[in-house]
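Chain by chain, the residues:
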Amino acid sequence: MKVAGGRIEMEMVEVPGGEFVMGGSVEDKFVNSTELPRRCVRVASFGLGVFPVTEQQWAHFRGQGPVSALPAVGLSWLQASAFCDWLSEGREQAFRLPSEAEWEYACRAGTETAFSTGLQISPEEANYLYDERGRRVGAGQRLPVGSKPCNAWGLGDLHGNVCEWVADPWHPSYQGAPGTSAIWERGGRPGTRVLRGGAWDYLPRLLRSSWRDWARETTQRDSLGFRVAMDLS
């Protein structure tokens, strides 16, 4: 579905509500303590961008800049939030960044394996730079959104290409995390936000559905972008 926001249209998918087990599996040798303990999470239906925000979409907001289908990067969490506010102007239903639970739920698309593609992922399925043996297998740069296949729910680039900001502040583990997909604010580290998805210059282990990292809200990197979400109720 296409949803108008600001002066542009955003291509969105209606992600169905449901339940899933969030976090890393003990069978996954790359799981670490930040991805544990696993828990069952209830998710309400929501809208999510098919792809990360592109340079072309960002240029409409800024009024300048490159115009391409590459994912926009070098943007802080604060800038990503400002873009969502701009898209929301004059709308009853606001655009926003997805919660961390929403992001993982959408990335998994009903799967419980390390990747939505199964136990492993290949360069044909995601944009990353090196395999686990350290051999270069990727393009070594961002690719236009949609260059790799979408997952079962029609969402693309959740594994690789660019890391993505989500709404939640950083917690070093899931101890005490809520059982819903709401943003987990309480007890989060001030001034930080969670990163998801892995990027073009990463190893496959950092593209796993449960992988998570953090950065300061003001951080800007050449491999860090975002995608937008919206409530459907």
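Residues numbered from 1 in each chain as written. Predicted model: local features only at pLDDT ≥ 70, side-chain atom pairs only at ≥ 80, totals over all residues. Heavy atoms only, no water.

Participant: Would you mind showing me how to read the sheet that holds strand S2 (residues 8–15) here?
Facilitator: In any sheet, the strands associate via hydrogen bonds between backbone groups, in a parallel or an antiparallel arrangement. On the basis of which strands lie adjacent, the open sheet formed by 5 strands has the order S1-S2-S5-S11-S6 and antiparallel pairing. Each edge of the open sheet carries a strand with a single partner, namely strand S1 (2–5) and strand S6 (95–96). Sheet topology note: the S1/S2 ladder contains 4 bridges and is antiparallel. Looking across to S2, one finds that Val 3 is bridged to Met 10. Strands in contact with helix H3 (residues 100–108) are S2, strand S5 (46–49) and S6; relative to S5, the strand with the most contacts, it is inclined by about 70°. (Pairing = 2+ DSSP bridges. Helix = DSSP H or I, 4+ residues; strand = E, 2+ residues; numbered from the N terminus. Contact = heavy atoms within 4.5 Å. Axes fitted to C-alpha atoms, helices over the stretch in contact; angles between N-to-C directions.)

Participant: Help me understand the environment of Thr 192 in this model?
Facilitator: Relative to the elements of secondary structure, Thr 192 occurs in strand S8 (residues 192–196). On a C-alpha basis, the gap between Thr 192 and Trp 77 in space is 9.0 Å, while along the polypeptide they are 115 residues apart. Setting aside its immediate chain neighbours within four residues, Thr 192 contacts Asp 168, Pro 169, Trp 170, Trp 214, Ala 215, Arg 216 and Glu 217. At 3.2 Å, the side chain of Thr 192 forms a polar contact with the backbone nitrogen of Trp 170. At 2.7 Å, the side chain of Thr 192 and the backbone oxygen of Arg 189 are in polar contact. (Polar contact = N/O pair within 3.5 Å; in protein donor to acceptor, adjacent residues only side chain to side chain.)

Participant: What should I look at first to understand the side chain of Arg 193 in this one?
Facilitator: Mapped onto the elements, Arg 193 comes out in strand S8. Classification of Arg 193 as buried rests on a relative accessible area of 11%. Side chain to side chain, Arg 193 and Glu 217 meet in a polar contact 2.8 Å long. The residues touching Arg 193, leaving out its near neighbours within four places in the chain, are Trp 77, Trp 165, Val 166, Ala 167, Asp 168, Pro 169, Trp 170, Glu 185, Asp 213, Trp 214, Ala 215 and Glu 217. (Buried < 20%, exposed > 50% of the residue type's maximum accessible area, 1.4 Å probe, protein only.)

Participant: Explain the packing of helix H1 (residues 55–62) against helix H2 (residues 77–88) to me, please; I cannot follow it from the model alone.
Facilitator: Packed helix pairs are specified by the crossing angle of their axes together with the interaxial distance, meaning the distance between the axes. Here H1 crosses H2 at 75°, and the two axes come no closer than 11 Å. Here H1 lies roughly perpendicular to H2, going by the angle between them. Touching Gln 57, Trp 58, His 60 and Phe 61 of H1 are Gln 79, Ala 82, Phe 83 and Trp 86, all from H2. Split into classes, the residues belonging to the contact of H1 with H2 amount to 5 nonpolar, 3 polar and no charged. (Parallel < 35°, antiparallel > 145°, perpendicular 65-115°, else oblique. Nonpolar A, V, L, I, M, F, W, Y, C, P; charged D, E, K, R; others polar.)

Participant: Looking at this structure, how should I read the environment of Arg 38?
Facilitator: Here Arg 38 lies in the loop between strand S3 (18–22) and strand S4 (39–43). Taking the C-alpha atoms as reference, Arg 38 lies 5.5 Å from Met 22; in sequence the two are 16 residues apart. If we skip the residues at most four places from it in the chain, Arg 38 touches Val 21, Met 22, Gly 23, Gly 24 and Ser 25. A distance of 3.4 Å separates the side chain of Arg 38 from the backbone oxygen of Gly 24, its partner in a polar contact.

Participant: Explain the side chain of Arg 96 here, please?
Facilitator: If you trace the backbone, Arg 96 turns up in strand S6. Within the structure, the side chain of Arg 96 is placed 2.9 Å from the side chain of Glu 102, a separation counted as a polar contact. Ignoring any residue separated from it by four or fewer positions in sequence, one finds Arg 96 in contact with Phe 46, Cys 84, Glu 102, Val 228, Ala 229, Met 230 and Asp 231.

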